[in-house]
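What follows is the residue order along each chain.
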Amino acid sequence: MRTLTFAQALNEALKQEMRRDPTIYVAGEDVGVYGGIFGVTAGLLQEFGEDRVRDTPITESAIIGSAVGAAAAGLRPVVELMFIDFIGVALDQLYNQAAKMKYMFGGKARLPIVMRTTCGAGMCAAAQHSQSLEAWMMHIPGLKVVVPSTPYDAKGLLITAIRDDNPVVFIEHKMLYGIEGEVPEEPYTIPFGQADVKREGTDVTVVATMAMAHKALTAAEELAKDGISVEVVDPRTLTPLDVETIVNSVKKTHRLVVVHEAVKHGGAGGEIVASVVEEALDYLDAPPKRVAAPFTPVPFSPVLEQVFIPSVEKIVAAVKEVVT
Amino acid sequence: MSTDTEKLLWMYTNMLKIRRFEEKVGEFFAAGKIPGFVHLYIGEEAVATGVCAHLRKDDYITSTHRGHGHLISKGGDLKLMMAELFGKRTGYCKGKGGSMHIADVDLGILGANGIVGGGPPIATGAALAAKYRGTDGVAVCFLGDGASNQGTFHEGVNLASIWKLPAIFVVENNMYGISLPQTRSMRVQDIADRAAAYDIPGFVVDGNDVIAVYEAAGEAIQRARAGEGPALIECKTYRYRGHFEGDPMVYRTREEEEMWRAKDPISRFETKLMEMGVLNEAQAREINERILAQVEEAVRFAEESPWPAPEEVLEDVYTV
Ligand SMILES: Cc1ncc(C[n+]2csc(CCOP(=O)(O)OP(=O)(O)O)c2C)c(N)n1
Ligand SMILES: [Mg+2]
């Protein structure tokens with residue numbers, strides 16, 4: 001099958017959906033002429049014109065807020081927040097307006113909004129351009145939270161997000177844009193709330209998202225040499241969360257390690273571990289472990305950043321701890 | 001012109017210092033020695049220089065992602081700056097901040113900022129502190145044309161206005177916010193027009209003329225020190241480099257860039273100083289060489305400095 005980069009897969013999803021549905025428009029900073037700071041919206045302006053591909057001023061609150069109004073009035077906005085770190089500038093429009101409107105109105109609003117954004121460390125972009133804030137988003141009822149790790153998942157999940165009638169926060173890890181993988185040419189969807197078993201194994205379940213899914217796979221490869229069989233589960237969406245697939249895996253392996261790049265304290269790992277403990281405590285042969293970033297802002301210096309980001313070695317060590 | 005010779009030469013030297021420092025930063029970024037995002041100020045040196053020429057150590061500034069020029073103008077140490085850009089432990093922020101978060105609180109520099117529009121409310125707060133303590137200190141907020149569209153700009157300026165705070169908002173209008181030209185980010189031609197909405201004075205200045213900047217800033221800062229409240233100064237200027245190093249610059253023309261290079265703030269000022277008899281060729285060469293030596297020293301310091309130790313990642317999160 002043909003291969004695309006993660007960024008190209010997203011780009012193709014946007015183009016195919018925009019061709020299908022004229023109510024979809026794209027807006028954000030530098031999404032038009034520049035084609036997106038990471039190139040995800042390249043070529044959209046040329047194909048769809050300025051009405052549908054809107055370069056905005058630096059005005060995150062209005063980018064997201066206008067998407068709320070436009071969606072409530074019948075359009076399907078796909079807006080870009082250049083870095084998830086900027087969400088604070090616009091948060092009210094997302095969590096008090098977009099997320100709650102349907103509920104507050106007794107079900108009488110429909111808000112098909114996609115907010116695409118980037119997260120993650122790895123390019124020395126420092127404390128305000130490197131964060132992983134998916135747990136904040138998970139904590140807000142009314143939002144769906146998508147965290148793809150492969151080009152295939154990225155395309156299918158973005159198409160699902162665009163067709164969903166709810167506000168969706170679609171988080172792209174910036175270190176994944178260049179990775180390649182097989183991607184079908186035709187449009188396809190991947191249902192939300194369906195985890196993907198990226199590697200089958202019998203000794204331990206490692207749940208990992210985005211860039212960490214890749215590190216978990218590398219760790220699994222290394223651990224296999226030591227005779228440890230690792231099952232890697234990628235939830236793909238955090239809201240809804242496919243607890244069933246994770247629990248079924250743990251029932252098979254009896255051990256659990258959760259990996260994410262966000263800080264451990266208050267992170268998604270706590271929710272995942274708690275869900276497994278609630279439903280499958282009796283199956284666990286060892287206390288679950290979390291591998292995550294320390295409770296600090298993201299440091300700039302490459303040497304500190306590499307300490308901050310969970311490493312393959314840390315995953316390997318955590319797995320060895322739970323299996324012995 | 002009444003500005004004394006010493007001040008004129010300081011401004012000339014300062015602009016050159018920014019330029020030479022940043023040229024070196026650009027080189028080291030290209031060579032892979034400076035990581036992360038680097039936004040250079042080259043072409044805009046007259047703005048920070050003309051404004052900071054009036055500031056004292058106890059005055060505050062807030063800076064931006066394009067902050068090296070502000071830091072240098074407020075007295076920042078080139079060695080500590082360069083070491084920070086390299087991510088070394090001896091840098092201004094112990095390697096934790098990098099270019100976008102460089103700061104020296106002791107010099108009243110409340111930081112570069114990775115959030116566009118992060119500065120205005122902070123400058124308003126620093127101005128509040130100056131007034132509250134009964135000093136005649138001021139706070140200067142540097143921000144871009146793009147940043148002036150953020151809600152925080154409106155909120156910060158309005159608050160400074162109603163509380164009559166000694167805050168000066170200096171918009172560095174380089175005509176673009178990344179790829180978006182000012183003409184497509186707002187309807188007004190002069191951002192200074194927005195001052196009327198807050199009932200504060202607005203100045204439009206040729207930001208490539210350091211004397212023009214110096215004069216407007218002098219008036220605004222004097223008013224602020226006298227308790228007459230904030231002002232908005234718009235400096236029209238241009239960045240020579242891409243938005244960040246590595247920017248392909250598809251959104252502007254080489255002709256436009258050439259046009260602005262012809263209005264270079266440093267060579268214009270140099271010519272003027274020579275005409276005035278304040279500077280001659282030999283002095284100019286000597287100043288340039290002195291600066292180059294300082295920059296080289298900063299590079300050596302940065303290169304020879306140690307990396308932070310891994311456990312330092314955990315330090316400085318809270319005050320204990
Ligand atoms: C809140 C926020 N939104 C967007 C960005 C990304 N960004 C960084 S600099 C920049 C352009 C800023 O333009 P302007 O204020 O005119 O300053 P200039 O870069 O031209 O000096 C943008 C959009 C950011 N850092 N923070
Ligand atoms: Mg600008």
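Here is what the cut-offs are and how they apply
Residues numbered from 1 in each chain as written. Chains lettered and ligands numbered in written order. Predicted model: local features only at pLDDT ≥ 70, side-chain atom pairs only at ≥ 80, totals over all residues. Heavy atoms only, no water. Helix = DSSP H or I, 4+ residues; strand = E, 2+ residues; numbered from the N terminus. Rg over C-alpha atoms; globule rule 2.2 N^0.38 Å. Buried < 20%, exposed > 50% of the residue type's maximum accessible area, 1.4 Å probe, protein only. Contact = heavy atoms within 4.5 Å. Areas by Shrake-Rupley, 256 points an atom, 1.4 Å probe, with all protein chains shown as cover. Donors = N, O, S within 2.8 Å, 3.2 Å for Na, K, Ca; no water. Pairing = 2+ DSSP bridges. Axes fitted to C-alpha atoms, helices over the stretch in contact; angles between N-to-C directions. Core = buried A, V, L, I, M, F, W, Y, C linked by side-chain atoms within 4.5 Å. Right-handed = clockwise from strand over helix to strand, strands pointing away. Domains from an automatic or database assignment. Buried area = accessible area lost by both parts, 1.4 Å probe. Salt bridge = Lys/Arg side-chain N within 4 Å of Asp/Glu carboxyl O. Polar contact = N/O pair within 3.5 Å; in protein donor to acceptor, adjacent residues only side chain to side chain. Nonpolar A, V, L, I, M, F, W, Y, C, P; charged D, E, K, R; others polar. Near = heavy atom within 4 Å. 1 Å grid on protein atoms, 1.4 Å probe; cavity = no way out; pocket = protein on both sides within 12 Å on 5 of 7 lines; lining within 4 Å. Sits in = over half its atoms within 2 Å of the grid points. Points joined across faces, edges and corners; volume = space filled by probe spheres on them. Expected span 1.5 Å × (residues − 1). Arc of directions from axis to C-beta.

Below, the discussion takes up the overall build of chain B. For chain B, the count of helices and strands is 11 helices and seven strands. For chain B, whose C-alpha radius of gyration is 19 Å, the value lies close to the compact-globule estimate of 20 Å for 320 residues. Expressed as a percentage of its 320 residues, the buried residues of chain B come to 60%. Contacts spanning at least 24 positions in sequence make up 73% of the contacts within chain B whose residues lie at least 6 apart. Accessible surface, chain B: about 12800 Å² in total, of which carbon and sulfur atoms supply 52%.

All names here are of chain B. Summarising the metal site, the magnesium ion (ligand 2) is bound by the protein donors Asp145 (OD), Asn174 (OD1) and Tyr176 (O), whose distances to it range over 2.1 Å. Within one chain, the residues serving as donors to the magnesium ion (ligand 2) are arranged as D-x28-N-x1-Y. Taken together, the residues Asp145 in the loop between strand S2 (139–144) and helix H6 (151–162) and Asn174 in the loop between strand S3 (167–173) and strand S4 (176–177) connect sequence positions 29 residues apart. By relative accessible area, which is 1% here, Asp145 ends up buried.

Residue and element names in this part refer to chain B. What the five strands build is an open sheet, ordered S1-S2-S3-S7-S6; its pairing is parallel. Since the sheet does not close on itself, it has two edges, and those belong to strand S1 (60–62) and strand S6 (202–206), each with one partner. In this sheet, adjacent strand axes meet at a mean angle of 20° when their direction is disregarded. Strands in contact with helix H2 (residues 45–52) are S2, S3 and strand S7 (231–236); relative to S2, the strand with the most contacts, it is inclined by about 170°. Across the sheet, helix H8 (residues 210–225) lies against S3, S6 and S7, angled at about 160° from S6, the strand it touches most.

With that settled, consider the nonpolar core. With 151 residues, the main nonpolar core has Leu158(A), Tyr12(B), Phe21(B), Met82(B), Ile168(B), Ile233(B) and Phe269(B) as its most contacted residues. If we skip the residues at most four places from it in the chain, Met82(B) touches Phe21(B), Lys24(B), Val25(B), Ile34(B), Ala298(B), Val299(B) and Ala302(B). Of all hydrophobic cores here, the second largest spans 29 residues; its members include Ala121(A), Ala220(A), Leu304(A) and Val316(A).

Further remarks concern the pairing of strand S10 (residues 204–208) of chain A. Looking along a regular strand, one sees side chains alternate from face to face of the sheet. Residue and element names in this part refer to chain A. Taking burial as the measure, the five residues of S10 include five buried ones, the bulk of the element. Pairing of S10 with strand S11 (residues 230–234), which is carried by four bridges, proceeds in the parallel orientation. Looking across to S11, one finds that Val207 is bridged to Val233. In terms of handedness, the path from S10 via helix H8 (residues 210–225) over to S11 forms a crossover that is right-handed. The pairing of S10 with strand S13 (residues 256–263) spans four bridges and is parallel.

On to the domain arrangement of chain A, then. Residue and element names in this part refer to chain A. Assigned domains of chain A: these are domain 1 (3–182) and domain 2 (196–323). For domain 1 versus domain 2, the separation of C-alpha centres amounts to 26 Å. Every contact between the two is made by 29 residues of domain 1 and, on the other side, 26 residues of domain 2. Broken down residue by residue, the surface that domain 1 buries against domain 2 is led by Cys124, Met138 and Val147, which jointly contribute 27%. Seen at the junction of domain 1 and domain 2, the total is two salt bridges. Close ionic contact of Asp153 with Arg236 constitutes a salt bridge, the shortest N to O distance being 3.0 Å.

Here we take up the interface of chain B and chain A. Opposite the 42 residues of chain B that make contact, chain A presents 36 residues. Across the chain B/chain A interface, buried area totals approximately 2900 Å², and carbon plus sulfur atoms make up 70% of it. On the chain B side of the contact with chain A, Phe37(B), Ile115(B) and Val313(B) bury the most area, a combined 19% of that side's loss. Put simply, chain B and chain A have one salt bridge between them. Arg184(B) is the partner of Asp55(A) in a salt bridge, and the nearest nitrogen-oxygen pair spans 3.9 Å. Our enumeration of links across chain B and chain A arrives at seven residue pairs in polar contact (both at pLDDT 80 or more). For the side of chain B that touches chain A, the secondary structure elements donating two or more residues are helix H4 (78–86) and helix H7 (182–185) of chain B. Ranked by residue count, the leading element in the side of chain B that touches chain A is H4(B), at three residues. Partitioned by chemical class, the residues of the side of chain B that touches chain A number 22 nonpolar, 14 polar and six charged.

With that settled, the discussion passes to the site of ligand 1. Taken together, 22 residues sit near ligand 1, with Glu60(A), His65(B), Arg66(B), Gly114(B) and Gly146(B) positioned nearest. Surrounding ligand 1 are residues belonging to chains A and B, so the site spans chains. The contact in question runs from an oxygen atom of ligand 1 to an N or O atom on the side chain of Arg66(B), over 2.8 Å. For ligand 1, a nitrogen atom lies 2.7 Å from a polar atom in the backbone of Gly114(B). Computed on the free molecule, ligand 1 has an accessible area of 580 Å², of which 97% lies beneath the protein chains in the complex. One can see that ligand 1 is located within the largest cavity. For the shell around ligand 1, the residue count by class is nine nonpolar, nine polar and four charged.

Before going further, it helps to examine empty space enclosed by the protein. Empty pockets left among the atoms are what a rolling probe the size of a water molecule brings to light. Enumeration over the complete set of coordinates arrives at five cavities of 30 Å³ or more. Empty space within the largest cavity amounts to approximately 560 Å³. Forming the boundary of the largest cavity are 46 residues, of which Ile58(A), His65(B), Val116(B), Ile178(B) and His243(B) lie nearest the centre. If you list the elements that add at least two residues to the lining of the largest cavity, you get helix H5 (119–132), S2 and S4 of chain B. In terms of residues, the lining of the largest cavity owes the most to one element, S2(B), which gives three residues.

It is worth spelling out H5(B) at this point. Residue and element names in this part refer to chain B. The first and last C-alpha atoms of H5 sit 20 Å apart over 14 residues, in line with the 20 Å expected at 1.5 Å per residue. By the burial criterion, the buried members of H5 are Gly119, Pro120, Ala123, Thr124, Ala126, Ala127 and Ala130. Taken around the axis of H5, the buried residues stretch over an arc of 165°, which confines them to a single face. On its buried face, H5 sits against S1, S2, H6 and S3. Looking one or two residues past H5, Gly134 carries a phi angle of roughly 80°, positive in sign.

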